[in-house]
Amino acid sequence: MSWHDNCLYKLVMRHSANKHKKERYSMKYNFDQEICRLGTACEKWDDLENHFGIKDVIPMWVADMDFQSPQPIIEALKQRVEHGVYGYTLSPDSYMESIVGWLKRRHRWSIEKEWITHSPGVIPALSLAIQSFTQAGDKIIIQPPVYHHFARVIQANGREIVNNPLKLENGHYSIDFEDLEAKIDSTVKMLILCSPHNPIGRVWSKEELTRLGQICMKHNILVVADEIHFDFVYKTHTHIPFASISEEFANHSLTCIAPSKTFNLMGVQTSSIIIPNQQLRDRYDRELNTLSIGSPNIFGVVALEAAYRYGEEWLDQLLEYLQENLEFTLSYFSKNIPQIKVIQPEGTYLVWLDCRELGFSIKEMDQFMLQEARVAMNEGHIFGMEGEGFMRLNIACPRSMLKNALGGIEKAFSSLCNA
């Protein structure tokens, strides 16, 4: 039994109803609890004035959650802190096995632990992949409106962006495969896939992923799949890891995952990069070691293993709560502010709001939400020109906070209509 297993076993036994049996940690979580994050060097709350020029607003922007992480993670971190020695850290077999187990249980994807390598985060992994597998001036495809750091990291590494905009028809986004093939030439070397997609919330079907993969394989394009939101999927939908579809896809792709979004662990900076192709993995690891960032965060190791071994009960309860938050949001806009159309997400805890009917310019929209509604959201235009007229709302918060934010938008809209 590893040190991590031993500590977590003691945790489970201490809280077990039956002291003589090893049982899973069990408790009911209260996601309605409001937790003050001010003064904790929290970007979402403490950086409001610096980022937006205003601080007396409800923060619904940065994609982290206003919930505590699962109790087994908190207890495991406490025990590691109490040990008192925080030296150089390895990724033990138990750590790797917890990742393998999570993917098999939650996503029906069987991987080998040898396929797993490291990154401090998914965006650093994208940068490492760009440096490892492309050259200056090469082209990389993204599908806007998409997470704005994709464009930033491509440009920062001296590569050229090729936009393959998603199609929006009748409130539903889809991949424009004809546009994709038309834009591919010999200089396109990589496609960064956002799955589930941030900010629109699409959970791509197996058919969509297969067609995308076939196009990329045909043109020898490496797929780098950002699947960090993979654990957030709503009713009737299923996340399918791109690399799980076929051996060919697995051998021509990198999959980026992390417990950070799932368990609210962004601050421990620990991501897992799954690269089945050993030649690709060796090239990635060379770049990782060139930058001397291959060693994991000591608390990230503990947090990840505790999360993937003992966090499922918490996650299942969280998904129920987020489903209720989503249904509340859909109903609220439909009844009170029908001029704002909600693009119903299939996954993630992010909601894409179509505000174009309000008729605002980009500047007017930003000012309206901040100055009148007193709600800080991510402005749609940062996700590409295809996001102009949209806003991204983070619903991973206590319902009281969500109600206050939507109430602020409704009040501001009513004042606008009565002006």
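Residues numbered from 1 in each chain as written. Predicted model: local features only at pLDDT ≥ 70, side-chain atom pairs only at ≥ 80, totals over all residues. Heavy atoms only, no water.

### Points about the overall build of the protein chain
Broken down by element type, the protein chain carries 16 helices and 15 strands. For the protein chain, the C-alpha radius of gyration of 22 Å lies close to 22 Å, the compact-globule estimate for 419 residues. Its C-alpha atoms give the protein chain principal-axis dimensions of roughly 70 × 55 × 40 Å. The long-range share in the protein chain, meaning contacts at least 24 apart out of those at least 6 apart in sequence, stands at 75%. Carbon together with sulfur atoms contributes 47% to the accessible area of the protein chain, which is approximately 18200 Å² in total. The averaged location of the 52 negative side-chain charges in the protein chain is 4 Å from the averaged location of its 42 positive side-chain charges. (Helix = DSSP H or I, 4+ residues; strand = E, 2+ residues; numbered from the N terminus. Rg over C-alpha atoms; globule rule 2.2 N^0.38 Å. Contact = heavy atoms within 4.5 Å. Areas by Shrake-Rupley, 256 points an atom, 1.4 Å probe, with all protein chains shown as cover. Lys, Arg positive; Asp, Glu negative; His and termini not counted. Charge placed at Lys NZ, Arg CZ, Asp CG, Glu CD.)

### Quick word on the layout of surface pockets
Volume-wise, the largest pocket comes out at about 1300 Å³. As for the largest pocket, its lining consists of 48 residues, and the residues nearest its centre are Val62, Asp64, Lys261, Met266 and Gly267. Those elements that provide at least two residues to the lining of the largest pocket are helix H2 (43-46), helix H4 (71-83), helix H6 (122-133), helix H7 (148-156), helix H11 (260-263) and strand S14 (378-379). For the lining of the largest pocket, the per-class residue count stands at 22 nonpolar, 16 polar and 10 charged. Considering only enclosed or pocket space, the second largest pocket measures out at about 210 Å³ in volume. The wall of the second largest pocket is formed by 14 residues, among which Phe133, Lys189, Asn220, Ile221 and Leu222 lie closest to the centre. (1 Å grid on protein atoms, 1.4 Å probe; cavity = no way out; pocket = protein on both sides within 12 Å on 5 of 7 lines; lining within 4 Å. Points joined across faces, edges and corners; volume = space filled by probe spheres on them. Nonpolar A, V, L, I, M, F, W, Y, C, P; charged D, E, K, R; others polar.)

### Quick look at the pattern of salt bridges
All chains considered together, the criterion is met by 21 salt bridges. With a shortest N-O distance of 4.0 Å, Glu97 and Lys113 are connected by a salt bridge. With Glu97 in helix H5 (residues 93-107) and Lys113 in the loop between H5 and strand S2 (116-119), the pair connects residues that are 16 residues apart, well separated along the chain. Residue class for Glu97 comes out partly exposed when judged on its relative accessible area of 41%. By relative accessible area, Lys113 is classed as partly exposed at 29%. (Salt bridge = Lys/Arg side-chain N within 4 Å of Asp/Glu carboxyl O. Buried < 20%, exposed > 50% of the residue type's maximum accessible area, 1.4 Å probe, protein only.)

### Thoughts on the confidence of the model for the protein chain
Considering every residue of the protein chain, the mean pLDDT works out to 94; 94% of them sit at 70 or more. The low-confidence segment residues 11-23 (pLDDT under 50) makes 22 contacts with residues lying over four places distant or belonging to another chain. (pLDDT = per-residue confidence, 0-100.)

### Digging into the side chain of Arg399
Here Arg399 is to be found in helix H16 (residues 399-418). Its relative accessible area of 17% is what places Arg399 among the buried residues. Among the polar contacts made by the side chain of Arg399, one reaches the side chain of Asn325 at a distance of 2.6 Å. Ignoring anything within four residues of it in the chain, the contact list for Arg399 reads Asp32, Tyr321, Glu324, Asn325 and Phe328. (Polar contact = N/O pair within 3.5 Å; in protein donor to acceptor, adjacent residues only side chain to side chain.)

### Focus on the state of the cysteines
Under the definition given, this model contains 0 disulfides. The closest cysteine sulfur to the non-disulfide-bonded Cys194 is located on Cys256, 11 Å from its own sulfur. On the basis of relative accessibility, which here comes to 3%, the residue Cys194 falls in the buried class. Cysteine Cys355 remains unbridged, with the sulfur of Cys417 as its closest cysteine sulfur at 13 Å. (Disulfide = S-S within 2.5 Å.)

### Things to note about the sheet that holds strand S15 (residues 390-394)
Pairing within the open sheet is antiparallel, and its 4 strands lie in the order S11-S12-S15-S14. Bordering the open sheet on either side are strand S11 (341-343) and S14, each of which pairs with just one other strand. Of the pairings in the sheet, the one linking strand S12 (residues 350-354) to S15 comprises 5 bridges and is antiparallel in character. Looking across to S15, one finds that Trp352 is bridged to Arg392. (Pairing = 2+ DSSP bridges.)

### Some details on the sheet that holds strand S8 (residues 222-226)
Across the sheet, 7 strands lie side by side as S2-S10-S9-S8-S7-S3-S4; this open sheet has mixed pairing. A single partner strand is all that each edge strand has here, and the edge strands are S2 and strand S4 (160-163). In this sheet, adjacent strand axes meet at a mean angle of 25 degrees when their direction is disregarded. Its contacts with the sheet place H6 against S2, strand S3 (139-142), strand S7 (188-194), S8, strand S9 (253-257) and strand S10 (271-274), and it is angled at close to 165 degrees to S9. (Axes fitted to C-alpha atoms, helices over the stretch in contact; angles between N-to-C directions.)

### Some details on the pairing of S8
The element S8 is largely enclosed, with a buried count of 5 among its 5 residues. The side-chain alternation of S8 yields two buried faces, one formed by Leu222, Val224 and Asp226 and the other by Val223 and Ala225. Direction of pairing for S7 relative to S8: parallel, over a ladder of 5 bridges. In the strand pairing of S8, Met190 is matched with Leu222. Assessed by its sense of winding, the connection that carries the chain from S7 through helix H9 (residues 206-218) to S8 is right-handed. (Right-handed = clockwise from strand over helix to strand, strands pointing away.)

### A few points about the packing of H4 against helix H13 (residues 298-310)
To characterise two packed helices, one gives the angle between the axes of the helices and the distance between these axes. In contact at an axis separation of 9 Å, H4 and H13 are set at 145 degrees when each is read in the N-to-C sense. For the pair H4 and H13, the crossing hand works out as right-handed. Here Pro72, Ile73, Ala76, Leu77, Arg80 and Val81 of H4 come into contact with H13, specifically with Ile298, Phe299, Val302, Ala303, Ala306, Ala307 and Tyr310. Classifying every residue of the contact of H4 with H13 by side-chain character gives 12 nonpolar, no polar and 1 charged. (Left-handed = near helix turned anticlockwise from the far one by under 90°.)

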